[in-house]
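Remarks on the overall topology
Each chain is listed here by its residues.
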Amino acid sequence: MLKPVYILIRTSRRPEFFRRCMESVKSQTYKNIVTIVHTDDPRDIYVEGDIVIIGAAYPNDYGSAPYNLYCNTLLKAIPEGEGWYHFLDDDDMYAAPDVIERFVKASKRDYMNVAHVARWDNKIMPPNWGNSEKGFQTECFLLHTDY
């Protein structure tokens, strides 16, 4: 049996982005994907997923840290057991239907598995495999649930 891949998505008041993101997730050929979605607005009636977390917005006094707090909440929602997890922002989508399948096939359990991603502006991240500062985005990583 294929180990689950948990796609961790944060959204807030962006239904059009979220719809496109979820379409790309649903089109994946990997057969054991579980979506865990976090919204900070109970009015976000468009939100769907296998596990949905409706929480309160973090106060502005956190500066740019709220994104990390949302990620931590999503990580805590991963059920016990072996599998993989991958962050995907609600304004991102997979470029092909076999992205997750290829990512899992090429990944190793005890490694930080990194892939290139194309951003909305067609910028490739990371730009190279060297010592690139600020070149990695959360969606570049596939990690085993042991970590």
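Report follows, based on the coordinates. Keep in mind it's a predicted model, so treat the numbers as computed, not measured. (Residues numbered from 1 in each chain as written. Predicted model: local features only at pLDDT ≥ 70, side-chain atom pairs only at ≥ 80, totals over all residues. Heavy atoms only, no water.)

Listing the buried residues of helix α2 (residues 66-76) in full gives P66, Y70, C71 and L74. Viewed along the axis of α2, the buried residues span an arc of 145 degrees, placing them on a single side of the element. Among the structural elements, β1 (5-11), β2 (33-39), β3 (51-54) and β4 (84-87) are those in contact with the buried residues of α2. (Buried < 20%, exposed > 50% of the residue type's maximum accessible area, 1.4 Å probe, protein only. Helix = DSSP H or I, 4+ residues; strand = E, 2+ residues; numbered from the N terminus. Arc of directions from axis to C-beta. Contact = heavy atoms within 4.5 Å.)

Let us now look at the pattern of salt bridges. In this structure the tally under the stated criterion is 13 salt bridges. Close ionic contact of R14 with D91 constitutes a salt bridge, the shortest N to O distance being 3.3 Å. Of the two residues, R14 sits in the loop between β1 and α1 (15-26) while D91 sits in the loop between β4 and α3 (99-106), which places them 77 residues apart along the sequence. Overall, R14 belongs to the partly exposed group, its relative accessible area being 30%. Take D91: its relative accessible area is 26%, and that puts it in the partly exposed class. Its salt-bridge partner being E16, residue R19 comes within 2.4 Å of it at the nearest N-O pair. You can see R19 and its partner E16 sitting in helix α1, three residues apart, about one turn around the helix. The class of E16 is partly exposed, set by a relative accessible area of 45%. Here the salt bridges do not stand alone but share partners, grouping R10, R13, D40, D41 and R43 into one network. (Salt bridge = Lys/Arg side-chain N within 4 Å of Asp/Glu carboxyl O.)

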